[in-house]
Amino acid sequence: MKIVNDRFYLKVLLFGSALAGKTTTLAWLFDHLIPKDMKVTESIHSIKTSFGQTLLFDFVPIQASQNIIIRIYALTGQDYYLSTRRMFFQDVDGLFFIVDSQAKEMDHNREFVKEFAAYRKCFPELENAAVVVLYNKQDIPGAQRPDVLGPKLGLQDFPSWPVSAATGANLPQAFTHMVSLILNSLKERPAHEIQ
Amino acid sequence: MLKIKDILNGIIQRVPGVVGVILIDIDGIPIEIAGHFDMNQENMGALLATCYRSYEQVGTDLSQPLKSIIVEYEDLKLCQTSMPRGLLTILAGKDSYLGMIRLEAKRAIEALVQNMADTQGIRESLMQDHKFRWPDNQTIEDILSRIKNEFK
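This structure is a prediction, so every number in the text was calculated from the model and none was measured. (Residues numbered from 1 in each chain as written. Chains lettered and ligands numbered in written order. Predicted model: local features only at pLDDT ≥ 70, side-chain atom pairs only at ≥ 80, totals over all residues.)

S.K.: Outline the overall build of chain A, supporting the account with residue identities and numerical values.
M.R.: Helix and strand counts for chain A stand at five helices and eight strands. Taken from N to C terminus, the helices and strands of chain A fall in the order β-β-α-β-β-β-α-β-α-β-α-β-α. In terms of overall dimensions, chain A is globule-like: its C-alpha atoms have a radius of gyration of 16 Å, near the 16 Å expected for 195 residues. Dimensions of chain A along its principal axes, counting C-alpha atoms only, are 50 × 35 × 30 Å. Counting the 195 residues in chain A, one finds 43% classified as buried. Long-range contacts, defined here as pairs at least 24 residues apart, represent 71% of the contacts in chain A between residues at least 6 apart. (Helix = DSSP H or I, 4+ residues; strand = E, 2+ residues; numbered from the N terminus. Rg over C-alpha atoms; globule rule 2.2 N^0.38 Å. Buried ≥ 20, exposed ≤ 12 C-beta atoms within 10 Å, placed from the backbone. Contact = placed C-beta atoms within 7 Å.)

Structure representation (structure tokens):
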């Protein structure tokens, strides 16, 4: 969280393996959930590879109130761009961990759990960030349930939702929960902690 | 003391060809802007900060601190210079002189550092006196209900 001029700037990341549904989640939130008067930009700003996947990030700033801006980044999930992904983890207020619920993706999910654990050691502020796990692709036949995936991945202690970024199922609940967590955290933070 | 906006406007006035100057914090949050950019400030800030961080990382791997980035487009030049906790970006026409731009950037940064250091104390005392507008329960409820209503 940062204060610039008279505004609070909060940072929320969408993090998870390649093709887990980060960009689709952000697109659904932008198209269906974020009120028009909160949108700072007309569309999602994306930096994509030549084959259409996220190269650096997809970015949406939203103006929640007169002095609160929430900046949402869907990070690249491509391993090739690992070094650029790392630089987004400073000053994070909230993180959606997007899990691909298909059984065949378990190893990829585990790699990102490890990566997330490494970031938590490097960036102490991540310990205070709100983490919400989205078990995505629940609309696909054979998708594993959160109560199965959570303990397997070690993510069972975080609040979580079974979601479908394609249909938007449960995304409103997960997003409002995240916004509630980060705003209440902001309200409770002592003034001397703010940079 | 000059305001940040005045410092940025000064660059536009003194250097022929400069069309816009933007000061962002290290994460790309726009602090102040002068002149004209055909682009959303928030998007531009996010992109500029990310580019800078990428080059900074290359420099770290080469054991070289990054000082500035010069980019040449077909009709524009872009000069991005770092300062404590921020980045100053100057956008100018293709015929403008890079030497002048870099010199003005250096001068402006000296003034900006002074300006931002002097206002830090004022901001801290404002916050400690709780004059800064913290979000209250009503504000939070209002934001959440607007999001929920959007989906109904």
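S.K.: Could you give an account of the interface of chain B and chain A, with specific residues and numbers?
M.R.: Of the residues lining the interface, 26 residues belong to chain B; the matching set on chain A comes to 32 residues. When residues of the side of chain B that touches chain A are assigned to their parent elements, the largest contribution, nine residues, is made by helix α4 (residues 137-151) of chain B. Looking at side-chain class alone, the side of chain B that touches chain A contains eleven nonpolar, seven polar and eight charged residues. (Nonpolar A, V, L, I, M, F, W, Y, C, P; charged D, E, K, R; others polar.)

S.K.: Talk me through the environment of A:F15; I want residue IDs and the actual numbers.
M.R.: Residues and elements named next belong to chain A. On the secondary structure map, F15 appears in strand β2 (residues 7-16). A C-alpha to C-alpha distance of 10 Å links F15 and F57, two positions 42 residues apart in sequence. F15 has contacts with L75, L95, F96, F97, I98, F112 and F116, leaving out every residue within four places of it along the chain.

S.K.: Can you lay out helix α2 (residues 41-61) of chain B for me, pointing to particular residues and giving the numbers?
M.R.: All names here are of chain B. With 21 residues, α2 extends 30 Å from end C-alpha to end C-alpha; this agrees with the ideal 30 Å at 1.5 Å per step. Considered for burial, the residues of α2 that qualify are E42, M44, G45, A46, A49, T50, Y52 and R53. Looking one or two places after α2, you find S63, whose phi comes out positive at around 60°. (Expected span 1.5 Å × (residues − 1).)

S.K.: Please provide a residue-by-residue account of the pairing of strand β6 (residues 94-100) of chain A, values included.
M.R.: Residues and elements named next belong to chain A. Where burial is concerned, most of β6 is hidden: seven out of the seven residues are buried. Where burial is concerned, the two faces of β6 agree: the one with G94, F96, I98 and D100 and the one with L95, F97 and V99 are both buried. Pairing of β6 with strand β7 (residues 130-136) involves seven bridges; the strand directions are parallel. Bridging from a neighbouring strand, G94 pairs with A130 of β7. (Pairing = 2+ DSSP bridges.)

S.K.: I'd like a description of unusual backbone geometry, backed by residues and values.
M.R.: Residue and element names in this part refer to chain A. The phi torsion at K137 lies on the positive side, around 70°, for a residue other than glycine. Positionally, K137 belongs in the loop between β7 and α4 (146-153). Looking at K137, the number of C-beta atoms within 10 Å reads 24, which means it is buried. The phi dihedral of N170 falls on the positive side, at around 70°, and the residue is not glycine. The topology assignment puts N170 in the loop between β8 (160-162) and α5 (171-188).

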